[in-house]
Amino acid sequence: MSQNVFEMAQRHFHRYAEPLDLPRRYPHMDILSHLTTPDRSIAFRITLQRDDGSLTVCRGYRVQFNDDRGPYKGGLRFHPMVDLAETTALAFWMYLKTAVVDIPFGGAKGGVSIDYASLSLAEKERLTKRFTLILANDIGPEKDIPAPDVNTGEREMAWILDEWRMMTGRYRRGVVTGKPVTMGGSQGRREATGRGVFYTIVEAARDMKLPLAGATAAVQGFGNVGSVSARLLHEAGTRVVAVSNEFGAVTNPGGLDVPGLIAHVAAGNPLTEFPGSEPMGRDDLLTTEADILVPAALENAITAANAPQVKARLVAEAANGPITPDAVDIIADKGTRVIPDILCNAGGVTVSYFEWVQNRQELYWPIDEVNLRLRDVMVGAYRRVAEVAARDKCTLREAAYHIAIERVAEAAARRGVQ
Ligand code: NAD
């Protein structure tokens, strides 16, 4: 990923922290440095034995950014663009995210820089288990709890649980979240991020007096988060007019058959060959005519170069960091409402928290209970952010940062300075 994504995250942070006057409120501590310096960054070598007997050396990372409000929590990304700066930025956003939705975790992130998709199943398992073995003493249900992110899912979480219990002799399911339901995962976790994105869109659209039924949407990225967001929008009567993945995009101004597209892609077909759609330029999706834009791929999708052409009235940041700092003002100046990432995509970590709670109790909730509780958390967090934004006459992003920063600063100060 881009080398300076953590610098970008820090720039966002300082800008939003400034009006809070934290150095005056917490004069006994260097609070801004505290909040922008990771607690621990672990960078290591992983040597993967390939099926043909050859060895591939790659880099692994786990950044434990802040645990002032609870154990470290954050996903694992296995992708060639992973590096320390990106992992650090994602860990940083993570502790702000857990604070916005007020769940008792801090923030962490991990990853491996490798073309994971090209590995065989056996190679994937070896890599994931090696990663776990190296970090066995650094993770745990009361320490640091990994979860899925790009290219990782239930399968990888099950492998991590298995390896960690072999290493430690402790069968503690809460060491990871996003596990298969048969191994102590929560109902609803797989869909939780996209569902949370949808709940925040419902609230924002209501505030904007934009009826979802009949509105149009474009969704960038058709993985876990993008496909669920698209499906729920489709079910709400929104016409999803364009969808993309890393290989291309498709459009249908009359609305794509989203469930059909999900089945088409799940069957291994190229997204761009979906019957009843026209191919379009992958990145043209971002500036296509649609009321709602859901960037659900990777960072830096909307930059100063394409922001002026964005036509959506509402942008829901399903991905982490999809709008670069220099594009944030361009988008805001157009009057476009943006649901910021640290709020918009917090549904995943919220149901991860529910999973961890269920694992501690070994008592499992039905799907309706999970979704109701998720809705309560997401709607409650959105309403609080919207309230602060209205009170302080600022954007939803500024308001979300203010709420998160204040919560973490307060916890940090109360813990003492040593
Ligand atoms: P995923 O791997 O399931 O899907 C990613 C999708 O993005 C794929 O369809 C991929 O082809 C597509 N993509 C990649 N580059 C693209 C490009 N340049 N243009 C268009 N599409 C592109 O990952 P995911 O879990 O859906 O995560 C997506 C985003 O949401 C990431 O930013 C991730 O950090 C964030 N997120 C995920 C979760 C979660 O629970 N999975 C939680 C919070 C945030």
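Predicted model only: the values in this text are computed from it and were never measured. (Residues numbered from 1 in each chain as written. Predicted model: local features only at pLDDT ≥ 70, side-chain atom pairs only at ≥ 80, totals over all residues. Heavy atoms only, no water.)

A. Fine view of the pattern of salt bridges. According to the stated counting rule, one finds 36 salt bridges in the structure shown. Between Arg 360 and Glu 142 there is a salt bridge, and its shortest N-O distance comes to 3.4 Å. Taken as a pair, Arg 360 in helix H12 (residues 347-361) and Glu 142 in the loop between helix H5 (121-134) and strand E5 (144-148) lie far apart in primary sequence, 218 residues in all. Arg 360 gets classed as exposed once you look at its relative accessible area, which sits at 52%. (Salt bridge = Lys/Arg side-chain N within 4 Å of Asp/Glu carboxyl O. Helix = DSSP H or I, 4+ residues; strand = E, 2+ residues; numbered from the N terminus. Buried < 20%, exposed > 50% of the residue type's maximum accessible area, 1.4 Å probe, protein only.)

B. Summary view of the environment of Ala 346. With respect to the element layout, Ala 346 can be found in the loop between helix H11 (341-344) and H12. Linking Ala 346 and Arg 231, residues 115 residues apart in sequence, is a C-alpha distance of 18 Å. When neighbours within four sequence positions are excluded, Ala 346 is seen to be in contact with Lys 97, Val 101, Asp 341 and Met 378. (Contact = heavy atoms within 4.5 Å.)

C. Spatial organisation of the site of the ligand. Around the ligand lies a shell of 22 residues, among which Arg 77, Asp 149, Thr 193, Val 225 and Asn 320 are the nearest. Contacts to the ligand include Arg 77, whose side-chain N or O atom sits 2.8 Å from an oxygen atom. One of the backbone N or O atoms of Asn 224 is found 2.9 Å from an oxygen atom in the ligand. For the ligand, whose free accessible area comes to 830 Å², the fraction covered by protein is 86%. For the shell around the ligand, the secondary structure elements donating two or more residues are helix H7 (189-207), helix H8 (224-235) and strand E7 (239-245). Its residues assigned to classes, the shell around the ligand comprises seven nonpolar, ten polar and five charged. Lining the shell around the ligand are residues from two domains, each supplying at least three of them: domain 1 (2-174) and domain 2 (192-339). (Near = heavy atom within 4 Å. Polar contact = N/O pair within 3.5 Å; in protein donor to acceptor, adjacent residues only side chain to side chain. Areas by Shrake-Rupley, 256 points an atom, 1.4 Å probe, with all protein chains shown as cover. Nonpolar A, V, L, I, M, F, W, Y, C, P; charged D, E, K, R; others polar. Domains from an automatic or database assignment.)

D. Just the pairing of strand E1 (residues 40-49), in detail. As judged from the ten bridges shared by E1 and strand E2 (residues 55-66), these two strands associate in the antiparallel manner. Following the sheet pairing, Ala 43 is matched in E2 by Tyr 61. (Pairing = 2+ DSSP bridges.)

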